[in-house]
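Below are the chains, spelled out letter by letter.
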Amino acid sequence: MNEHSTDYNALKQSEPSLPARWYFDEAHHQRELKEIWHKSWVYVCRSHDLAEPLSFRTVEIGDQNIVVLRGETGEVVAFHNACRHRGSILCPERQGRLKSKLIVCPYHQWAYAASDGRLVKTSSFAEPDGFERDDYGLFPVTVAVWRGLIFVNLDAHADWDADLPFQREPAHLNNFPIEHMVTVHTWRKVMACNWKTFWENFNECLHCPNIHPELSDLVPMYGRRIVNVKDVPDWADHAGSEDPKYRGGLRKDSQTWSMDGSAQGHVIASLTADEVARGQTYGVAMPGMFVGAYADHMRIVRMLPLSAEQTELVAEWLVPHETAEADNYDISQIVDFAIMVMDQDLAACELNQRGLHAAPLQQGVLMPEEYHVKHFQDWVRARLQE
Amino acid sequence: MNEHSTDYNALKQSEPSLPARWYFDEAHHQRELKEIWHKSWVYVCRSHDLAEPLSFRTVEIGDQNIVVLRGETGEVVAFHNACRHRGSILCPERQGRLKSKLIVCPYHQWAYAASDGRLVKTSSFAEPDGFERDDYGLFPVTVAVWRGLIFVNLDAHADWDADLPFQREPAHLNNFPIEHMVTVHTWRKVMACNWKTFWENFNECLHCPNIHPELSDLVPMYGRRIVNVKDVPDWADHAGSEDPKYRGGLRKDSQTWSMDGSAQGHVIASLTADEVARGQTYGVAMPGMFVGAYADHMRIVRMLPLSAEQTELVAEWLVPHETAEADNYDISQIVDFAIMVMDQDLAACELNQRGLHAAPLQQGVLMPEEYHVKHFQDWVRARLQE
Amino acid sequence: MNEHSTDYNALKQSEPSLPARWYFDEAHHQRELKEIWHKSWVYVCRSHDLAEPLSFRTVEIGDQNIVVLRGETGEVVAFHNACRHRGSILCPERQGRLKSKLIVCPYHQWAYAASDGRLVKTSSFAEPDGFERDDYGLFPVTVAVWRGLIFVNLDAHADWDADLPFQREPAHLNNFPIEHMVTVHTWRKVMACNWKTFWENFNECLHCPNIHPELSDLVPMYGRRIVNVKDVPDWADHAGSEDPKYRGGLRKDSQTWSMDGSAQGHVIASLTADEVARGQTYGVAMPGMFVGAYADHMRIVRMLPLSAEQTELVAEWLVPHETAEADNYDISQIVDFAIMVMDQDLAACELNQRGLHAAPLQQGVLMPEEYHVKHFQDWVRARLQE
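Residues numbered from 1 in each chain as written. Chains lettered and ligands numbered in written order. Predicted model: local features only at pLDDT ≥ 70, side-chain atom pairs only at ≥ 80, totals over all residues. Heavy atoms only, no water.

Participant: For this particular structure, what's the right way to read the overall build of chain A?
Facilitator: A tally of helices and strands in chain A yields ten helices and 18 strands. Relative to a compact globule of 386 residues, whose C-alpha radius of gyration would be 21 Å, chain A shows 23 Å and is just as compact. Reported as C-alpha extents along the three principal axes, the dimensions of chain A are approximately 80 × 55 × 35 Å. Here chain A holds 386 residues, and the buried ones make up 59% of them. (Helix = DSSP H or I, 4+ residues; strand = E, 2+ residues; numbered from the N terminus. Rg over C-alpha atoms; globule rule 2.2 N^0.38 Å. Buried < 20%, exposed > 50% of the residue type's maximum accessible area, 1.4 Å probe, protein only.)

Here it is, written out as structure tokens:
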């Protein structure tokens, strides 16, 4: 091992990975649903997706179905998607719009105020002695909207500021006008892997050269298996280099993550030259979402666990308003590139998942470059109090 | 709430529904199989379906496969559908006819008397010391035939008279010659809901106007969300009304449950004018069957649980002999109407099932009109000794 | 019962079969995986299948994925198919060939020596303090090669000679040159039955006349439901008979197990006249394989449990070298016959499986001819220490 430069960015010693059975044991998965997914801020959709009053989206976090909707006066509210009468689901669709300011159960037509879930009407001729409508409002779910992104939290006592899900410094996204951009494409896939397997893949680039040859060509530093200039022991030797291999950013003459590296439509006007040069900027909202930000677009990726070994992935592409209104840009350049990279990651995650069952494998081991993986795993351990 | 008329038919106070997890928890489901389904009279088929000597039907109650057959001398018997040798299934088909008065195992040809399940023959050259054929007869299952309907009970000590499954007064069916009618159609569907969800749907009409617009038009009282004149507090105000909205029965100029309300073929000759006017008459045999009786036909609906969240439904349509032999009636008028109504119910049951997983929902609540649902739930609770 | 001839080959008394729930209970199945499948020699493939240096096969024993490969210098080695880094599967395909003498993880390119699983290279810039490559070699799996057949054993302390899986005297196969023959066909099927159900079927011929009419015609003794001349009490009465019904072997004018009984290609030169006359010879390697040997070919049948009620079957047909090189033989004569017989057995096994759930059936009973079944069941009991 070389003498390290100061500020070497990596783990100083190898670290044990999480217990292998945490990735496939169904009982452990139930524990993660309870301790992590049902106590964390989970991204649902953009505020824009609920632009129309009384429009709604539904989302399933584990087996908990939540309806999120725009009230008449603009507020966003969320409820458990279950009628208090005999438990029917209220809004069976993934998205839609209420016909009135009431949420009306499709089964027996109990009606709840869309604004606050109050029970407004039952369908009985008379309500019986001892029945108080106030006792039968919808079960509320905590909502937060951050820069046009809607999150829900099944923990009634959740506090956005105290439990801020964003890591990797959300300030990095300050100049990206995510709340004003336009969604131009959505893509959905089910992966045969645990949700943590996906996050660990996201959190390191040791896999980049062989899994992502095109991306490693576009982002030369990734081709060196690292994400930050200080991720190698001898980083100071190339400290002043302008070569993107050493300083980061995209290869010469490229502007964004697209098939040929060319930007599409308008570059985001509010970015600094440094932010454009950076090539990509990330925001992470654990446990269910990250944002990739590029010179000309943003991409939101949401994951939701379907079972211990199945995870749903939904990606959304956002462009500036002026691009969305233009007709001389080719969004497929951008979408196809990201789908290619995500499909490569999915295949890698599924390989990872398949090997985790090996009986002698108590757990894997983290290498120096995997400090973000370690950070992620510590976050998981803390929530499980392990 | 109005001052109630005397004899108001409804629950006086709201009642808790069953625990929500009873509808999806697989361990609880196993308990219901054991305590309810494996100790109750379960409808298999009509006696007519086994008209031929040595004809048989098989039925699965939970994971217990039962073969029911007509002996040579006319008696109906039932056995566990398993060979005593190494456990092969004996009659793998849903229905068929034995080739002889023996039930011969298709695997090693052990042969049992169809009449009583005695082991008659093994396939070995010699039977070993200590082997007594009498020890290896088929495991018998208790059978009862009631008005041409065949029921089995996995409880060896079951007594038809003591454990009478029919509720809602079977006497109401006295003038319907169910034992003599002819089955003209059968329909099968698997529902994504618990078996109790279906029964609760069956036991109330609060859902009728929005779930069943056509039926609510045909049976105007259903359009008022009720099934009995005394189900509303102010029932006495319309006590003498001839309007079917208040007195029950079908809308004017309609005779039966069919697409246009017209009777098909022959009206059942043995009915009183009151029975014809009633429009529909029900018989219920818990936990797996109900009968709907109309002026010109009957309908048997059987349900069997496949898992906590899956239930099989089979419906059969019966007409009088003279109708079956006529050629100027349109059975699709009747069949299509009932399938339309049942499909509507199935969709409602599946909505109900989906919402029951909501974690804060300990249980729902029953409203005044749901006294039959309460009766059903108390029946379930009693069997589970809760 | 007749007075028995001496040396009557059968069980003297009826014997209880294994508990019925052992055939479908998933928890019991896990116990069998642990105590039997993960401690026994399991057939993977022929040594010929790994003829090329660095070629490999993978096999799943329960949820344990094993890679078996031919090292550069000819040795056969096996490892758990999981990377020590973060647990990715190493060789995702069923078969293939390494590109070098290293097993390189497809995820992060950790590289292991194919010869002994030593970790040779990680993909990190520097390995951290305390990280010793020697601690991260692949988990080895014990291998044995017996006459060109490759077996693995997940028990690190397994000893081929002490734990010899072959029963029914492997010496019977001595003159069959299995290590030199050529595989000409492979067939795979998933059966809806427990693995033991299949073995019990294999171990008796009481089922032959009705399940296998064609085979019973070809092997007349099977038509009598037995596999050995001494399996009937009065065997001595026909002790000197040349009729294949009594002495065993194939029907007159037949040479092998084929659709019309005719041999295909070359008869195996090393066989004695007695071995040719015997018609079929078996070798059994518990719990996952048997070999059928005939005058002109051999057949290897491997089974692997997929779950309590699902088992994978793979059959391979082998012919002498000189047959494989000839062009005037019809392998379909041989393959079609065996597939017909195996499909008949599969259907029988699936019938057997379906009946085993009958609640009153604690277990079946073994009859005199089922002494091989008894032997099999005792082998299972011993491993479960019951």
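Anyway, onward from the coordinates.
Participant: Is there a simple way to explain the packing of aromatic side chains in this structure?
Facilitator: Centre-to-centre distance and the angle between the planes together describe a pair of aromatic rings. Tallying each qualifying case throughout the model produces 48 aromatic pairs over all chains. Measuring from centroid to centroid gives 4.7 Å for Phe-131 of chain A and Tyr-136 of chain A, while their planes differ by 10 degrees, and the two rings are stacked. Since its relative accessible area comes to 6%, Phe-131 of chain A is described here as buried. Against the face of Tyr-23 of chain B rests Lys-196 of chain B, its NZ or CZ located 4.7 Å from the ring centre. Sitting above the plane of the Trp-146 of chain C ring, Arg-147 of chain C keeps its charged end 5.8 Å from the centroid. (Phe/Tyr/Trp six-rings, centres within 6.5 Å; stacked < 30°, edge-to-face > 60°. Lys NZ or Arg CZ within 6 Å of the ring centre and 35° of its normal.)

Participant: What am I meant to see in the sheet that holds strand S7 (residues 102–104) of chain B here?
Facilitator: Working definition: the strands of a sheet are paired by backbone hydrogen bonds and lie parallel or antiparallel to each other. Residue and element names in this part refer to chain B. As summarised here, the arrangement of the three strands in space is S7-S8-S9, forming an open sheet in which the pairing is antiparallel. Whereas interior strands pair on both sides, the edge strands pair on one side only; in this sheet they are S7 and strand S9 (119–121). Averaged over all neighbouring strand pairs, the angle between strand axes comes to 40 degrees, with direction disregarded. In this sheet, strand S8 (residues 111–113) lies alongside S7 in antiparallel orientation, the contact comprising three bridges. From the neighbouring strand, Val-104 faces S8, where its bridge partner is Ala-111. (Pairing = 2+ DSSP bridges. Axes fitted to C-alpha atoms, helices over the stretch in contact; angles between N-to-C directions.)

Participant: I would appreciate a short explanation of the interface of chain B and chain C in the present structure.
Facilitator: Interfaces are frequently sized by the accessible area removed from exposure as the parts join. Every contact between the two is made by 31 residues of chain B and, on the other side, 36 residues of chain C. Around 2,900 Å² of area is buried between chain B and chain C when both sides are counted, 58% of it from carbon and sulfur atoms. Seen at the junction of chain B and chain C, the total is three salt bridges. With a shortest N-O distance of 3.5 Å, Arg-86 of chain B and Glu-200 of chain C are connected by a salt bridge. Our count for the chain B to chain C interface comes out at 16 residue pairs in polar contact (both at pLDDT 80 or more). (Contact = heavy atoms within 4.5 Å. Buried area = accessible area lost by both parts, 1.4 Å probe. Salt bridge = Lys/Arg side-chain N within 4 Å of Asp/Glu carboxyl O. Polar contact = N/O pair within 3.5 Å; in protein donor to acceptor, adjacent residues only side chain to side chain.)

Participant: How should I be thinking about the state of the cysteines in this particular structure?
Facilitator: In protein chemistry, a disulfide is the covalent bond that joins the sulfur atoms of two cysteines. This structure, assessed with the given rule, holds three disulfides over all chains. In this model, Cys-205 of chain A is linked to Cys-208 of chain A through a disulfide, with the two sulfur atoms separated by 2.0 Å. Because the sign of the S-S torsion sets the handedness, a value of about -95 degrees for the bond joining Cys-205 of chain A and Cys-208 of chain A places this disulfide among the left-handed ones. Cys-205 of chain A sits in the buried class, given a relative accessible area of 5%. In this model Cys-193 of chain C remains outside any disulfide bridge; the closest cysteine sulfur is found in Cys-349 of chain C, 4.6 Å from its own. (Disulfide = S-S within 2.5 Å.)

Participant: So what exactly am I meant to see when it comes to the interface of chain A and chain C here?
Facilitator: With 36 residues of chain A at the interface, the matching set in chain C holds 31 residues. Summed over both partners, the interface of chain A with chain C buries about 2,900 Å², with 58% contributed by carbon and sulfur atoms. Here chain A and chain C share three salt bridges between them. Note that Glu-204 of chain A is salt-bridged to Arg-86 of chain C, the shortest N-O span being 3.2 Å. Remark: the boundary between chain A and chain C carries 16 residue pairs in polar contact (both at pLDDT 80 or more). Elements represented by at least two residues in the side of chain A that touches chain C include exactly helix H2 (195–202), helix H3 (208–211), helix H9 (331–355) and strand S18 (363–366) of chain A. With five residues, H9 of chain A is the single largest residue contributor to the side of chain A that touches chain C. Looking at the side of chain A that touches chain C residue by residue, the class counts come to 18 nonpolar, ten polar and eight charged. (Nonpolar A, V, L, I, M, F, W, Y, C, P; charged D, E, K, R; others polar.)

Participant: Would you explain the relation of the copies chain B and chain C in this entry?
Facilitator: Note that the two copies of the chain are related through a rotation about an axis and a translation along the same axis. Mapping chain B onto chain C calls for a screw motion: a turn of 120 degrees about the axis and a shift of 0.1 Å along it, with 0.1 Å RMSD after fitting. Taken together, the rotation angle and the small translation identify this as a three-fold axis. (Least-squares fit on C-alpha atoms with pLDDT ≥ 70 in both.)

Participant: I'm lost on the pairing of strand S15 (residues 289–293) of chain B in this one. Help?
Facilitator: Note on strand geometry: in a regular strand, side chains alternate between the two faces of the sheet. All names here are of chain B. Along S15, five of the five residues are buried, which leaves the element largely enclosed by surrounding structure. A two-sided burial pattern is seen for S15, the buried positions comprising Met-289, Val-291 and Ala-293 on one face and Phe-290 and Gly-292 on the other. Here five bridges tie strand S14 (residues 281–285) to S15, and the two strands are oriented antiparallel to one another. Bridging across to S15, Ala-285 finds its partner in Met-289.

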